[in-house]
Amino acid sequence: MNAENDKQNKVAVTVTADSVAGDERAAERRLGSRAPEFIRKSRLLRTGWQVGIFVVGLAVVGAGVAMLVLPGPGWLVIFGGMAIWATEFTWAQIVLRWTRRKVTEAAQRALDPKVRRRNIILTTTGLVIITALAGIYLWKFGIVVPWKIKQ
C-alpha cells in the first residue's frame with residue numbers, strides 16, 4: 001500500500017511540474033496587449049494608449065539608432081524600445097521572440113568547445129601578427145611624437 005502511495009505522489013508531482021511548465025509556456029506564447037483591463041474596454045483609451053506606447057517606443061528606438069554612431073549602448077537601447085512596443089503590439093512580440101531565439105542559438109554555438117578553440121587560435125594569431133607589424137614599424141621609424149615633428 002505504501003508503494004502505491006509513493007507512485008501516486010511521484011505521478012502527482014510530475015503532473016504538477018508539467019502543468020507549471022505548461023502554464024509558463026502558455027504565458028510566454030500569449031500575444032497581444034498587456035494594457036490594463038479598463039483601458040482595453042474603451043476604444044478611445046485603447047487608441048490613446050497605443051499611440052502613447054508607439055511614441056515612447058519610437059523615441060527609445062530613435063535614441064538607440066543615434067547611439068549606433070554616437071557613444072552609448074545602441075543595440076541595447078534599440079531592443080529596449082522594441083520591448084516597450086512589445087507590451088502593446090503583436091508584431092514587436094514576434095520580432096523579440098525571434099531575436100531571443102537567435103541570440104540563444106548564437107550563444108550556444110559560441111560555447112561549443114570546437115568553436116571556442118578556433119576563436120582562441122584566430123585571436124592569438126591576429127594578436128601575434130599585429131604585434132609583429134607594430135614591432136617592425138617601431139624598429140624602422142621609431143616613436144615620433146607629433147609635437148616634435150620637424151617641418
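Residues numbered from 1 in each chain as written. Predicted model: local features only at pLDDT ≥ 70, side-chain atom pairs only at ≥ 80, totals over all residues. Heavy atoms only, no water.

- Per an unreviewed UniProt entry, the chain goes by TIGR02611 family protein and derives from Streptomyces coelicoflavus.

1. Looking at the UniProt feature "transmembrane region" (unreviewed entry) in the chain
Right, on to step 1. In the numbering adopted here, UniProt assigns the feature "transmembrane region" (unreviewed entry) to residues 49-70, 76-99 and 120-139.
Right, on to step 2. In the segment residues 49-70, helix accounts for 95% and strand for 0%; the C-alpha atoms at its two ends are 31 Å apart.
Right, on to step 3. Its end C-alpha atoms 28 Å apart, residues 120-139 is made of 100% helix and 0% strand. (UniProt positions renumbered as here; feature names shortened; annotations may be inferred. Helix = DSSP H or I, 4+ residues; strand = E, 2+ residues; numbered from the N terminus.)

2. Some details on helix H5 (residues 90-110)
Right, on to step 1. Between its terminal C-alpha atoms H5 stretches 30 Å, which fits the 30 Å expected from 21 residues at 1.5 Å a residue.
Right, on to step 2. For H5, every residue scored as buried is listed here: Ala92, Gln93, Leu96 and Thr99. Within H5, the buried residues cover an arc of 125 degrees as seen down the axis, which keeps them to one side. Exposed positions of H5 whose direction lies more than 90 degrees from the buried face are Gln108 and Arg109.
Right, on to step 3. Packed against the buried residues of H5 are helix H4 (74-86). (Expected span 1.5 Å × (residues − 1). Buried < 20%, exposed > 50% of the residue type's maximum accessible area, 1.4 Å probe, protein only. Arc of directions from axis to C-beta. Contact = heavy atoms within 4.5 Å.)

3. Topic: helix H6 (residues 113-141)
Right, on to step 1. Along its 29 residues, H6 runs 42 Å from first to last C-alpha, staying within 8% of the 42 Å computed at 1.5 Å per residue.
Right, on to step 2. Burial of H6 is sparse: only zero of the 29 residues sit out of reach of the surface.
Right, on to step 3. Gly142 sits one or two residues past H6 and shows a positive phi near 75 degrees.

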